Amino acid sequence: MKVLKIDHLGIAVKSINEGKKFWGDLLGLWLEESEAMKAEKLITTFFPIGESEIELLESTDPEGPIGRFLEKRGEGIHHVAFRVENIEEALKELKEKGIRLIDETPRAGARGAKIAFLHPKSTNGVLVELCEK
Ligand code: ZN
């Protein structure tokens, strides 16, 4: 499996509009359009920063994954995303090595990416997203 780079850091925020005051206005990062991810009950937006990006995640439902995260832990870093060359191969290899997967097969992420999450129990407590673009 080949990890190409840290694709982005996902940050859970109460409000993207509030969040972009720091990430957009103060840091001068260019704000891309927000995208609603209905199945995941969230809205996401990306700020390019050098070779990587910052993803802000706003919940649209307290029962969704970001809603529950905010309730339990408040705003903050939610996940680290690694860009891989071939996500199917990466998942197969990690599974063979005994890594617990949240997604056994890739699903559709924002902006047409293929994504899958690894279980924090296998990654020192960090929610890891793999993505292929
Ligand atoms: Zn992400």
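Refer to the preceding data block for the structure.
First things first, this report covers the structure right here in the doc.

Cut-offs and rules
Residues numbered from 1 in each chain as written. Predicted model: local features only at pLDDT ≥ 70, side-chain atom pairs only at ≥ 80, totals over all residues. Heavy atoms only, no water. Donors = N, O, S within 2.8 Å, 3.2 Å for Na, K, Ca; no water. Helix = DSSP H or I, 4+ residues; strand = E, 2+ residues; numbered from the N terminus. Buried < 20%, exposed > 50% of the residue type's maximum accessible area, 1.4 Å probe, protein only. Salt bridge = Lys/Arg side-chain N within 4 Å of Asp/Glu carboxyl O. Arc of directions from axis to C-beta. Contact = heavy atoms within 4.5 Å. Polar contact = N/O pair within 3.5 Å; in protein donor to acceptor, adjacent residues only side chain to side chain.

As a further point, take the coordination of the zinc ion. Around the zinc ion, the protein supplies His8 (NE2), Glu55 (OE), His79 (NE2) and Glu129 (OE) as donor atoms, at distances of 2.1 to 2.2 Å. Between the donor residues of the zinc ion, the gaps in sequence give the motif H-x46-E-x23-H-x49-E. Pair noted here: His8 is in strand β1 (residues 3–13) and His79 is in strand β5 (residues 76–84), with a separation of 71 residues, a long-range link. Relative accessible area serves as the criterion here: at 3%, His8 is assigned to the buried category.

Tallied over the entire structure, the rule returns 13 salt bridges. A salt bridge links Lys21 to Glu18; the shortest N-O distance between them is 3.0 Å. Of this pair, Lys21 and Glu18 both sit in helix α1 (residues 16–26), three residues apart, roughly one helical turn. Look at the salt bridges and you will find they share partners, linking Asp7, Glu53, Arg83, Arg111 and Lys133 into a network.

Here we come to helix α3 (residues 87–96). Residues of α3 that are buried include every one of Ile87, Ala90, Leu91 and Leu94, and no others. Buried residues of α3 fall within an arc of 95 degrees about the axis and therefore sit on the same side. Exposed side of α3, more than 90 degrees from the buried face: Glu89, Lys92 and Glu96 are the residues found there. On the buried face of α3, the contacting elements are β5, β7 (114–118) and β8 (128–132). Looking at where α3 begins, the residue whose side-chain oxygen comes 3.1 Å from the main-chain nitrogen of Glu88 is Asn86. Gly98 sits one or two positions beyond α3 and adopts a positive phi of about 85 degrees.

Treat this as a map of the structure, not an account of what it does.
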